[in-house]
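# Structural overview
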Amino acid sequence: MKRRISFLLALIVFLGACSKEPQNELLDKATQKAEAQDAFFRVKDFIWKGLNQYYLWQEQVGDLSDTRFERSLTYTNATSEKYVHFLRKFNSPEGLFHYLRHSDDRFSFIVRDIDELENNFQGISLSTGMDYALARTGAGDIVGFVRYVLPNSDAYKQGVKRGDFFLSVDGEKLSPTNYQRLLINQNPSLTFGFCQIANGQLVPTLSKTLSQLPLQEDPILLHKTLQRNGKKIGYLVYNSFVSKYDKELNEVFSQFKADGVSDLVLDLRYNSGGSVQTAIYLASMIRGTNTNEVFVKQTSNPKMLNYWKRAYNFENNISGTPIHSLDLPKVYIITSKHTASASELIINGLKPYLQVVQIGDKTVGKNLASVTLKDKTPGSKWAMQPIVLRSENASGFGAYESGLVPDFHIVEKAENLGTLGDENEPLLAKAMELITSMPQQEASLRGRFRRAAYRLSMDEFDHCRSLSPTLNRMYIDNPTE
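All of these numbers come straight from a predicted model, not from anything done at the bench. (Residues numbered from 1 in each chain as written. Predicted model: local features only at pLDDT ≥ 70, side-chain atom pairs only at ≥ 80, totals over all residues. Heavy atoms only, no water.)

## Points about the overall build of the protein
Helices and strands together make up the secondary structure of the protein, namely 12 helices and 26 strands. Counting across all 481 residues of the protein, residues that qualify as buried make up 52%. Summarising the internal contacts of the protein: among those between residues at least 6 apart in sequence, 72% fall at separations of at least 24. Roughly 22500 Å² of accessible area belongs to the protein as shown, and the carbon and sulfur atoms make up 49% of that amount. (Helix = DSSP H or I, 4+ residues; strand = E, 2+ residues; numbered from the N terminus. Buried < 20%, exposed > 50% of the residue type's maximum accessible area, 1.4 Å probe, protein only. Contact = heavy atoms within 4.5 Å. Areas by Shrake-Rupley, 256 points an atom, 1.4 Å probe, with all protein chains shown as cover.)

## Thoughts on the packing of aromatic side chains
We describe a pair of aromatic rings using the distance from one ring centre to the other and the angle between the two ring planes. Taken as a whole, this structure holds 23 aromatic pairs when the rule is applied. Pairing F69 with F86 gives two aromatic rings, centres 5.1 Å apart and planes at 50 degrees, and the pair type is tilted. With F69 in the loop between α2 (41-54) and α3 (81-88) and F86 in helix α3, this pair connects stretches of sequence that are 17 residues apart. Of the residues examined, F86 reaches a relative accessible area of 2% and is grouped as buried. Here Y307 and W308 contribute two aromatic rings whose centre-to-centre distance is 5.3 Å and whose plane-to-plane angle is 85 degrees, an arrangement assigned as edge-to-face. Overall, the relative accessible area of 43% leaves Y307 in the partly exposed class. By relative accessible area, which is 11% here, W308 ends up buried. Members of the aromatic cluster, each reached through a chain of ring pairs, are W48, F69, Y83, F86, F90 and Y99. (Phe/Tyr/Trp six-rings, centres within 6.5 Å; stacked < 30°, edge-to-face > 60°.)

## Details of the side chain of D105
Positionally, D105 belongs in the loop between α4 (93-100) and β1 (109-111). There is a polar contact of 2.6 Å between the side chain of D105 and the side chain of S108. With residues near it in sequence (within four places) discarded, D105 still touches Y55, W57 and I387. (Polar contact = N/O pair within 3.5 Å; in protein donor to acceptor, adjacent residues only side chain to side chain.)

## Focus: the pattern of salt bridges
Summed over the entire model, instances satisfying the criterion amount to 20 salt bridges. Where K49 meets D45, a salt bridge forms, and the shortest distance between an N and an O atom there is 3.2 Å. Of this pair, K49 and D45 are both found in helix α2, 4 residues apart, which corresponds to roughly one turn of the helix. In this structure K49 comes out as partly exposed when scored by relative accessible area, which is 34%. Owing to a relative accessible area of 17%, D45 belongs among the buried residues under this scheme. With a shortest N-O distance of 2.8 Å, R269 and D267 are connected by a salt bridge. D267 shares its class with R269; the two are buried. Through salt bridges with shared partners, one network takes in R162, D267, R269, E412 and E425. (Salt bridge = Lys/Arg side-chain N within 4 Å of Asp/Glu carboxyl O.)

## Structural notes on the sheet that holds strand β19 (residues 355-360)
Pairing within the open sheet is mixed, and its 6 strands lie in the order β10-β11-β12-β18-β19-β24. Of all strands in the sheet, those with a lone pairing partner are β10 (220-228) and β24 (408-409), marking the two edges. (Pairing = 2+ DSSP bridges.)

## Some remarks on the confidence of the model for the protein
Scored by pLDDT, the protein has a mean of 88; 88% of the residues are at 70 or more. Every residue in residues 1-22 is under pLDDT 50, and counting partners more than four places away or in other chains gives 0 contacts. Across residues 443-454, where pLDDT falls below 50, the model places 13 contacts with residues more than four positions away in sequence or in other chains. (pLDDT = per-residue confidence, 0-100.)

## Brief notes about the packing of α2 against α4
It is the contact of α2 with α4, at a shortest axis distance of 9 Å, that shows an interaxial angle of 20 degrees. With respect to α4, the element α2 is oriented roughly parallel. Judged by the twist between their axes, the crossing of α2 over α4 is right-handed. Here V43, K44, I47, W48 and L51 of α2 come into contact with α4, specifically with P93, L96, F97 and L100. The residue makeup of the contact of α2 with α4, split by class, is 8 nonpolar, no polar and 1 charged. (Axes fitted to C-alpha atoms, helices over the stretch in contact; angles between N-to-C directions. Parallel < 35°, antiparallel > 145°, perpendicular 65-115°, else oblique. Left-handed = near helix turned anticlockwise from the far one by under 90°. Nonpolar A, V, L, I, M, F, W, Y, C, P; charged D, E, K, R; others polar.)

## Comments concerning the packing of helix α8 (residues 246-259) against helix α9 (residues 276-287)
Across the interface, α8 lies against α9 with an axial gap of 11 Å and an inter-helix angle of 10 degrees. It follows that α8 is roughly parallel to α9 by the angle criterion. Residues D246, L249, N250 and F253 of α8 form the contact with α9, whose own contacting residues are T278, Y281, L282, M285 and I286. In terms of residue class, the contact of α8 with α9 is made up of 6 nonpolar, 2 polar and 1 charged.

## Thoughts on the environment of E425
Along the polypeptide, E425 turns up in the loop between β24 and α11 (426-436). Note: C-alpha distance between E425 and E412 (13 residues apart in sequence) is 9.7 Å. Leave out the neighbours within four places in its chain, and E425 touches R162, R269, L417, G418 and T419.

## Digging into the nonpolar core
Ranked by internal contacts, the top residues of the largest apolar core, which has 78 residues, are I47, F253, L282, I286 and I346. Ranked by the residues each element gives to this core, the list is headed by α9, at 8 residues. Beyond its immediate sequence surroundings of up to four residues, I346 is in contact with F241, L266, A279, L282, A283, F295 and I333. (Core = buried A, V, L, I, M, F, W, Y, C linked by side-chain atoms within 4.5 Å.)

Next comes the structure, spelled out in structure tokens:
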């Protein structure tokens, strides 16, 4: 009897040991079959499983339910006919991704080239060096205007400057139907037809051929200490939260401290976001380094509640380097309709601790953070950036989906840009007036004179970053690394 029991136990162990291999073979064969029928099957599988795990709205999207195809996630693979049939319904990975996106989601995206995405996150892109926007005139013309120029770029070397206008690209006049094709491409160079405004008309002047090269933009465009009415005022134009430049940003604040700065104007009008960690560092440089105080609280889908940190506090160092903090009771922040994500996080996160005076236009309204998910299939470059967290400040406020409304509403005008860092530039002039209690009459008069001279209204409608996959970004460290 004992021999029979031993034999049965041995047989059970043997069958159990052998059963794994046929199951793996079955899955491999099923996957191969699915791939034979759909070349993008593995990519679609990556998309569905990534969104099912991390996506903020996973619970609200029925087709992302754990039991949508089988009784549990364990069986959601190539052996499930329902699952395979569902993925095959979509002609492309992008089609599946957009179908699964929640209707409230304005920001999640997918890319075919992870290298390009990661370069963008570090501020690297193909560029002439001009950052520009586009506007419509009352006569219906489309005109580009330069907001700033990157140092050491071809545009900089050829004398292009803020406030320059252009009407054409490669000999073709800009129009509503062609401007994206003309401006967003991989051409080695672009020829811009510049113009000036005279008597309310756009008058062509000269053409410049500018090389498009891979450029890494330093997000610290400008910093200086201004003095007026006994005040020392730090001014910083900061255009992106790029972690590569965290220590350089800290050095700017070290200089502000050495200069005896008592007030700060933080210009985020062209800043559409970036790294959450960098935002925490910047907030600490402004507010202080008390690591017991909460800067931002974040919530995820129920599946991920214990995965990411629920709260991020202020920091006192950057990889061992002490943070240089101004410990300010008040900060003046310049914004525009392009200010988003990590920039808005700064404004909202600081409000429980100090007075934030917002000058400019209403912001985008993105209180959400994303993460990069990479397809691990060998040779694949597919990646997606789904929204995974919703943010709020230490007081529990995070409902700014419609944008953060400025205390002083001033819209930057193409016909009256002024010079960044000049005390008479309209938005900085307002901040200087509030800080020093001295009205900027000279700036006001100049503005009226320039408007009278131009007599041409312009309505901005697009800008050079609008087609970038990293526009309006706020991201956290990758959980799949």
